[in-house]
Amino acid sequence: MDDLRALFAQTAELAAGFYDSLDDRAVFPRATADELRAGLAGPLPEEPMPAPQVIDELAAAADPGLVAEPSGRYFGFVIGGAVPVSIAADWLTSTWDQNAGLYVGGPAASVVEEVAGAWLIELLGLPRHASFGFVTGAQTATFTALAAARHHVLKEAGWDVERDGLTGAPRIRVVVGEKRHGTVDRALRMLGLGAPTDVVGADSNGRMLSDELRLTDEPTIVCAQAGEVNTGAFDAFDAIADARDAAANAWLHVDGAFGLWANVSPSLRHLVEGVDRADSWAVDSHKWLNVPYDNAVAFTAHPESHSGAFSARAAYLVFDAQTRDQIDWNPEHSRRARGFTVYAAIRALGRSGIREIVERSCAHARSFAVGLTDLGAELLNDVDLNQVLFRFATDEDTARILRAVQEEGSSWMGGTVWDGRQAIRISVSNWQTSDEDVERTLAAYAGQLAAR
């Protein structure tokens, strides 16, 4: 036991040291892949090695290749950090090593998901009767929600897809927006529904042009979004839900990976007006809730269709009708007990703390918009949330300035293509981002522009 405690103390010290280094280290690592291979690769070990030596050497070899994603100056993609209490809960999750597929694999894991799931429903303004399943990320949450949708619309059409498969099934029409996230298409492929052919145009911010939505009476799934990944724009949920209601057999899914968190803020809640009328939602916890990867949740307003798509029974499995078996709500069987980190983060932050992170992130995004415009950048979106999309005079200027800022190392954000031209995207999602982080990043841009 002394050896175990010493190993855990050693690991905690290494973890704290990494956090202590965030202010000074380059946000994106400078080590090459070959340099990392030289430190990490080697022949298959034949003999045991002392655990403390393994951990020390692993930390030393991996460190040059670590992205400082927990830093307040990481603005790439839409990636949050991890509030300390959620890291501590994640360590306990690994230590407890519960198999959270069935209640009997971890009663505490099952109950904590019940509690955390109900809290999330309340925070996000979803129907109180909604079902939920904890999964790896918004990709799997979208897959889970759309599997429930497939079950639902085909059942309404008189077809049992779980029993009979898709061969000979009624066609499902899938309607998406032009600026949807790529994970929607990937989920549809995995579900055997193919690429969407009904694509509705988008406005200059990426919002679906809901007045162009035309639904028929055939089985239909409509995919809307709360938070376009480049601009943060929100679709018109009431208008889309009205079209869904007028159809005979349609399901409305909302990709709300980060945008659904707007519902925690009274000042942002108007952006998601009508989102509670959808049939399913996908949201990431490892974005604005700032818990460690990987953690997301799929919700549906139709629990019977949700469980109908995923429930599995076998003679060796042990079930109790009075408890929650997570296997009924997601595509995994054996799985990590993801509810512990969400539970810890919500308890530690409370509604007000989560609201403060969201609102502060959006305020930083507005500061970026003002600062970049003052530097001569062209702002490409309405900065209603946490996304800032901009470019410089030419594609060559945009690419060169972005590359120079990335290489300078004090911050990192990625490039994208918007309306056929190069652009830069800043996403503010980390609980640690401060006014100083924004100023330091703007100074990096100012320095590169002055050096032209």
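Whatever comes next refers back to the structure up there.
All values reported here derive from a predicted model rather than from experimental measurement.

Cut-offs and rules
Residues numbered from 1 in each chain as written. Predicted model: local features only at pLDDT ≥ 70, side-chain atom pairs only at ≥ 80, totals over all residues. Heavy atoms only, no water. Phe/Tyr/Trp six-rings, centres within 6.5 Å; stacked < 30°, edge-to-face > 60°. Helix = DSSP H or I, 4+ residues; strand = E, 2+ residues; numbered from the N terminus. Buried < 20%, exposed > 50% of the residue type's maximum accessible area, 1.4 Å probe, protein only. Lys NZ or Arg CZ within 6 Å of the ring centre and 35° of its normal. Salt bridge = Lys/Arg side-chain N within 4 Å of Asp/Glu carboxyl O.

Engineer: So what about the packing of aromatic side chains? Which residues, and what values?
Structural biologist: Within the structure shown, the criterion is met by eleven aromatic pairs. Measuring from centroid to centroid gives 6.3 Å for Phe18 and Tyr19, while their planes differ by 75°, and the two rings are edge-to-face. Relative to Tyr343, the ring of Trp119 lies with its centre 5.1 Å away and its plane at 15°, an arrangement referred to as stacked. Of the two residues, Trp119 is situated in helix H5 (residues 107-124) and Tyr343 in helix H11 (residues 339-374); the sequence distance between them amounts to 224 residues. Assessed through its relative accessible area of 28%, Trp119 is described here as partly exposed. Since its relative accessible area comes to 25%, Tyr343 is described here as partly exposed. Through a chain of ring-to-ring contacts, three or more aromatic side chains come together here, namely Phe28, Tyr74, Phe77 and Trp412. If you follow Lys179 out to its NZ or CZ, it ends over the ring of Trp418, 4.2 Å from the centre. Here Arg313 stacks its cationic end above the ring of Phe319, 3.7 Å away from the centre of that ring.

Engineer: Any chance you could break down the pattern of salt bridges for me, citing the residues and the numbers?
Structural biologist: All told, the structure shown has 29 salt bridges when counted by the stated rule. Asp238 is the salt-bridge partner of Arg277, the closest N and O atoms lying 3.0 Å from each other. Taken as a pair, Arg277 in the loop between strand S5 (250-255) and strand S6 (280-284) and Asp238 in helix H9 (residues 237-246) lie far apart in primary sequence, 39 residues in all. The class for Arg277 is partly exposed, based on a relative accessible area of 25%. Arg421 serves as the salt-bridge partner of Asp395, at 3.3 Å between the closest nitrogen and oxygen. Placement of Asp395 in helix H12 (residues 395-408) and of Arg421 in strand S11 (residues 421-427) is noted, with a sequence separation of 26 residues between them.

Bear in mind that shape data such as this cannot, by itself, settle questions of function.
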